[in-house]
Structures are given as C-alpha cells and as structure tokens.
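Below, each chain spelled out in residue letters.
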Amino acid sequence: MATSATTTTKTTATKATKPELIVELLHKDLQLPTKGTEKASCYDVYLPESVVIPPVSLCTSVVIPLGFKLDIPEGYEVLLHLRSSVGRDNTIMLSNIKGIVDEDYTDEVQAFVRNVGKQEIRFAKGQRLFQMEMRKKEIYTIKAGTVDKTTTRTGKSGSTGK
C-alpha cells in the first residue's frame, strides 16, 4: 500500500483595511453623518442650521453650508447626493446634479440646491437632506487625437428610441 505525503501551506489572509474618511464638525451640536442601515451605500448628512429655499422665480440657487470639513484619503472623492425621499417629497434638486468633493478640497462642504416649485421650502436643523458616498477615483489622462470609430446610428444626442 502506497502512502503519499501531503504538505499543507498555511497562508495568512490579511484583511484589507478600509479607507477612512475624517469628518471635522464645525458646530458643537452637529451629528456625524450616519448610515441608515448596515448595508447602505451612503451616509446621511444632518443640517447644521434650519434652511429656507425660495422658489425658482425668486432665486436660481441656494448655497447650504453643511457644517463640516473632510479629510479625504488619497485616490478617493466624495459624492454628495440628495436623499431619495427628499427628491420624492419636495421640489428641490441639486443645482449641479451631483456634488463632487475632490480629495484636495479642504474648506467647509456645501450643497447647491434649486427649488423648482412655486412655494418656498423649509428644512429644520438636524434634518437629513443629503447623503454622501466616498468612491475610489479612476485616474486617466486626456490627449488630442482623431476619433476613428464609426457607427450605423443616425441622429444626434437624445435621438435613440425615436
């Protein structure tokens, strides 16, 4: 009867460390951003002060200081979104559609919003209007050149399905 020797190699799995986003609160009673659930993609942001957003007929955009600064890790960016329920229940939108906070931005984070309705909208201090998500950036370059791709598509931007 033949026996074979089996050598087992033990590998040590190192758990990848998660990047850390440092938040400096600029108001002593402001709450740190929180996740609504353990598996939520974004952190909810609490308003440091009450806010009134006039209708678009009176103002095009309102700047809302969010009461904190960020220390974003190298190679990452933070995206600021309107919370789904806020967009569903109100006539406001981010003026720039998506807020992008670059890793080298060190001032207070702000949101730019527009009320597309006919009535002013009020939000209370501590209300969760926005959410933020930190994402790894893809680094790329741009160079001048000729685009040689062709297509059988007809029409300009926004023409598919017509």
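If you're wondering where the values come from, they're calculated on a predicted model, not measured in any experiment.

### Quick look at the overall build of the protein chain
In terms of helices and strands, the protein chain carries one helix and eleven strands. The helix and strand sequence of the protein chain, counted from the amino end, reads β-β-β-β-β-β-α-β-β-β-β-β. Buried positions account for 29% of the 162 residues belonging to the protein chain. Long-range contacts, defined here as pairs at least 24 residues apart, represent 72% of the contacts in the protein chain between residues at least 6 apart. Counting every atom, the protein chain has about 12,400 Å² of accessible surface; 50% of that belongs to carbon and sulfur.

### Topic: the environment of Gly126
Note that Gly126 resides in the loop between β10 (121–123) and β11 (128–136). Its relative accessible area of 38% is what places Gly126 among the partly exposed residues. Counting along the chain gives 78 residues from Gly126 to Pro48, while the straight-line C-alpha distance between them is 6.1 Å. Gly126 has contacts with Tyr46 and Leu47, leaving out every residue within four places of it along the chain.

### Examining the sheet that holds strand β4 (residues 62–65)
If you trace the three strands from one edge of the open sheet to the other, you get β4-β9-β7, paired in antiparallel fashion. For this open sheet the edge positions go to β4 and β7 (92–94), each flanked by a neighbour on one side alone. Within the sheet, the average angular offset between the axes of one strand and its neighbour, ignoring direction, is 40 degrees. The pairing of β4 with strand β9 (residues 110–115) spans four bridges and is classified as antiparallel. Residue pairing across strands places Ile64 opposite Ala111, the latter belonging to β9.

### Focus on the nonpolar core
Judged by nonpolar contacts, the single largest core of 26 residues is most densely connected at Ile64, Leu66 and Phe130. Within the residue set of this core, elements represented by two or more residues are β3 (51–53), β4, β5 (68–71), β6 (76–82), β7, β9, β10 and β11. Here this core takes four residues from β6, the largest share from any one element. If we skip the residues at most four places from it in the chain, Ile64 touches Leu47, Val51, Ile53, Val109, Gln110, Ala111, Val113, Leu129 and Phe130.

### Re the sheet that holds β6
An order of β2-β11-β6-β8 is seen for the four strands of this open sheet, with the pairing classed as antiparallel. Strands at the two margins of the open sheet, each flanked by one partner only, are β2 (43–46) and β8 (99–101). Across the sheet, the mean angle from the axis of one strand to that of its neighbour is 30 degrees, orientation sign disregarded. Across seven bridges, the pairing between β6 and β11 is antiparallel. Residue pairing in the sheet places Leu80 in a bridge with Met132 of β11.

### Some remarks on the environment of Leu21
On the secondary structure map, Leu21 appears in the segment before β1 (22–25). Take Leu21: its relative accessible area is 24%, and that puts it in the partly exposed class. Here the alpha-carbon distance between Leu21 and Ile72, two residues 51 residues apart in the chain, equals 5.5 Å. In contact with Leu21, not counting residues within four places along its chain, are Leu70, Asp71, Ile72, Pro73, Val78, Met132 and Met134.

### As for unusual backbone geometry
Positive phi values are uncommon outside glycine, yet Ile97 reaches one of about 65 degrees. Structurally, Ile97 can be placed in the loop between β7 and β8.

### Observations concerning the pattern of salt bridges
Tallied over the full model, the rule gives seven salt bridges. Glu103 is paired through a salt bridge with Lys137; the nearest N and O atoms lie 2.8 Å apart. Of this pair, Glu103 sits in the loop between β8 and β9 while Lys137 sits in the segment after β11, and the two are 34 residues apart along the sequence. Note on Glu103: relative accessible area 26%, which makes it partly exposed.

Conventions and cut-offs
Residues numbered from 1 in each chain as written. Predicted model: local features only at pLDDT ≥ 70, side-chain atom pairs only at ≥ 80, totals over all residues. Heavy atoms only, no water. Helix = DSSP H or I, 4+ residues; strand = E, 2+ residues; numbered from the N terminus. Buried < 20%, exposed > 50% of the residue type's maximum accessible area, 1.4 Å probe, protein only. Contact = heavy atoms within 4.5 Å. Areas by Shrake-Rupley, 256 points an atom, 1.4 Å probe, with all protein chains shown as cover. Pairing = 2+ DSSP bridges. Axes fitted to C-alpha atoms, helices over the stretch in contact; angles between N-to-C directions. Core = buried A, V, L, I, M, F, W, Y, C linked by side-chain atoms within 4.5 Å. Salt bridge = Lys/Arg side-chain N within 4 Å of Asp/Glu carboxyl O.

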